Amino acid sequence: MKTKYYHVKYSKAQLKIQQMAFVLVAIVVFFSIVALFYFAINLSGIKSNYESLEEQKTSEMVRKLSGLPELRWEGCSSCVDLDKALLLKNRTSYKGFWGLEYLSVEVVYPKVESRECDKGVYPNCNKITIVGNNNLARTTSNYVALCRWDQEIQGNRCVLGKINAAGEFNSTR
Amino acid sequence: MRKMNKNGQEEMVGFVLIVVIVAIVLVILLGIVLRQDKPIQTENQDINNFIKSSMEYTSSCALNGQYLKMRPLLGACYKSGNCDSGEKACNVLNASFIGMLESSFIVKEGSNIRGYIFKAVYYENISSSQEKKIIEITKGNCTGKTQIGSDEPFAQDNGIITAKMSVCY
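All figures in this text were calculated on a predicted structure; none of them were measured in a lab.

A.B. asks: Honestly, unusual backbone geometry in this entry has me stumped. Any pointers?
C.D. replies: Most peptide bonds are trans, and most residues other than glycine sit at a negative phi. In this model, Y109 of chain A is joined to P110 of chain A through a cis peptide bond whose omega is 5°. Position of P110 of chain A among the secondary structure elements: in the loop between β2 (102-109) and β3 (127-131). Cis geometry marks the peptide bond from Y122 of chain A to P123 of chain A; its omega dihedral reads 5°. Structurally, P123 of chain A is set in the loop between β2 and β3. Located in the positive-phi region is Q154 of chain A, a residue other than glycine, with phi close to 50°. With phi around 55°, N64 of chain B is a residue other than glycine that occupies positive phi space. With respect to the helices and strands, N64 of chain B occurs in the loop between β2 (58-63) and β3 (66-69). A residue is classified by how much of its surface remains accessible, and N64 of chain B, at 74% relative accessible area, is exposed.

A.B. asks: Which parts of the structure should I look at to understand the pattern of salt bridges?
C.D. replies: When charged atoms on two side chains of opposite charge get close, those side chains can pair. Counted under the stated rule, the structure contains 12 salt bridges over all chains. Across the pair E113 of chain A and R115 of chain A runs a salt bridge whose closest N-O atoms are separated by 3.6 Å. R115 of chain A sits in the partly exposed class, given a relative accessible area of 31%. One salt bridge in this structure joins K164 of chain B and E131 of chain B, with 3.7 Å as the shortest N-O distance. Placement of K164 of chain B in strand β8 (residues 159-168) and of E131 of chain B in strand β5 (residues 131-140) is noted, with a sequence separation of 33 residues between them. E131 of chain B sits in the partly exposed class, given a relative accessible area of 36%. What emerges from the salt-bridge pattern is a single network uniting E56, K69, R71 and D151 of chain B.

A.B. asks: Just checking my understanding: could you explain the environment of A166 of chain A for this structure?
C.D. replies: Topologically, A166 of chain A is positioned in strand β5 (residues 155-166). For the pair A166 of chain A and T140 of chain A, spaced 26 residues apart in the sequence, the C-alpha separation amounts to 6.2 Å.

A.B. asks: Explain the sheet that holds strand β1 (residues 79-81) of chain A here, please?
C.D. replies: Neighbouring strands of a sheet are bound in pairs by backbone hydrogen bonds; such pairs are parallel or else antiparallel. With respect to topology, 5 strands assemble into an open sheet ordered β1-β4-β5-β2-β3 (chain A), the strand pairing being mixed. Edge positions in the sheet fall to β1 and β3 of chain A, since each of these pairs with one other strand and no more. Strand-to-strand twist across the sheet, computed as the mean angle between neighbouring axes with direction ignored, equals 35°. Across the face of the sheet, helix α2 (residues 45-54) of chain B comes into contact with β4 (140-150) and β5 of chain A while running at roughly 10° to β4 of chain A. Set on the sheet, helix α4 (residues 89-104) of chain B makes contact with β2, β4 and β5 of chain A; between it and β2 of chain A the angle comes to about 135°.

A.B. asks: Explain the domain arrangement of chain A here, please?
C.D. replies: Many authors give the size of an interface as the accessible area that is lost as the parts come together. When the domains of chain A are assigned, the result is domain 1 (10-43) and domain 2 (61-167). For domain 1 of chain A versus domain 2 of chain A, the distance between C-alpha centres works out to 61 Å.

A.B. asks: Hey, could you run me through the environment of L71 of chain A in this one?
C.D. replies: Residues and elements named next belong to chain A. With respect to the helices and strands, the residue L71 is situated in the loop between α1 (12-67) and β1. By relative accessible area, which is 0% here, L71 ends up buried. Along the primary structure L71 and I130 are separated by 59 residues, whereas in three dimensions their C-alpha atoms are 11 Å apart. Apart from residues no more than four positions distant in its own chain, L71 is found in contact with L65, S66, C79, V80, D81, K84, A85, L88, W98 and I130.

A.B. asks: In this structure, what is going on with the state of the cysteines? I would like to understand it.
C.D. replies: Here, the word disulfide means a covalent bond between the sulfur atoms of two cysteines. Residue and element names in this part refer to chain B. Taken as a whole and judged by the stated rule, the model has 6 disulfides over all chains. Between the sulfur atoms of C61 and its disulfide partner C83 the distance amounts to 2.0 Å. Disulfide C61-C83: torsion about the S-S bond near -110°, hence left-handed. Here C61, found in strand β2, pairs with C83, found in the loop between α3 (70-78) and α4; they are 22 residues apart in sequence, far enough to count as distant. The buried category is assigned to C61, whose relative accessible area is 1%. Taking relative accessible area as the criterion, C83 reaches 6% and is therefore assigned buried. C77 shares a disulfide with C90; S-S distance 2.0 Å. Residues C77 and C90 share a disulfide whose torsion about the S-S bond is about 100°; that sign makes it right-handed. Of the two residues, C77 is situated in helix α3 and C90 in helix α4; the sequence distance between them amounts to 13 residues. Relative accessible area serves as the criterion here: at 6%, C77 is assigned to the buried category. For C90, a relative accessible area of 28% translates into the label partly exposed.

What counts and how
Residues numbered from 1 in each chain as written. Chains lettered and ligands numbered in written order. Predicted model: local features only at pLDDT ≥ 70, side-chain atom pairs only at ≥ 80, totals over all residues. Heavy atoms only, no water. Helix = DSSP H or I, 4+ residues; strand = E, 2+ residues; numbered from the N terminus. Buried < 20%, exposed > 50% of the residue type's maximum accessible area, 1.4 Å probe, protein only. Salt bridge = Lys/Arg side-chain N within 4 Å of Asp/Glu carboxyl O. Pairing = 2+ DSSP bridges. Axes fitted to C-alpha atoms, helices over the stretch in contact; angles between N-to-C directions. Contact = heavy atoms within 4.5 Å. Domains from an automatic or database assignment. Disulfide = S-S within 2.5 Å.

Take a look at the structure:
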């Protein structure tokens, strides 16, 4: 089969229009990149600001929680009294006190048996849920030291733990 | 007329090539600038809290019947002391920090933490840049985006001891 080649004749004006079209495309591409650049910088700033604010909020909430007389371990700003936390568990007079949907403390290290604490198993357990249940997805947590009197060593013992909270803490406390 | 067409086509191809090259250069520049814009190291409150809380941990090392927390244990390790049990303070310190770090920062394939460096150092004085390493625990590959945290320095002999940590994501 024989292929036919057609020679299209372009006028000078058509070429100029094509050239103009390319220039316009180039300008659009250029400004798109500039806009992309601008928004990327702006959005990265907003994102980091948001992250830093969230971080500050969480740390402030945890600091407030661990500083409350109901949980505080004397002489240490980042410590929670485990005995107090256990006593607060299921205490009906404290219902609504926290203004939180969920609040718990858990032992991170050393590893202990993974189970909820109650007066029967304490201290051979790793978690004390003070408010709510643990089905909430959006909990924030932070590291704290969990301290208690230890009969075995006849002294105070602190372990590494976490305080987990969800909801808005009533900051007027 | 044919020659004229050919010239016009060549001109267009050249122009398109220039546009493409300029666009590629701009994209590369954008990439470089955006990478530079991100801070390599940022302070993280979580890491600060971890260090602060871990310093309150009561170790298994007792001196004169008193079980030591991590700050005095760092001091004991600096002085190459031993616990009442005869065990070296540095060994207990090392084991305790390794345990706390491994329970808190999981470094494995698929996890978002690529590695960490934890170290405690002794300085002769606050303004001194010369540091004497007491403990250093490293895990994984710590390059790229890093978040750091540190503990408040505490006095030891004539100098200070401070603990700091970098976590890489």
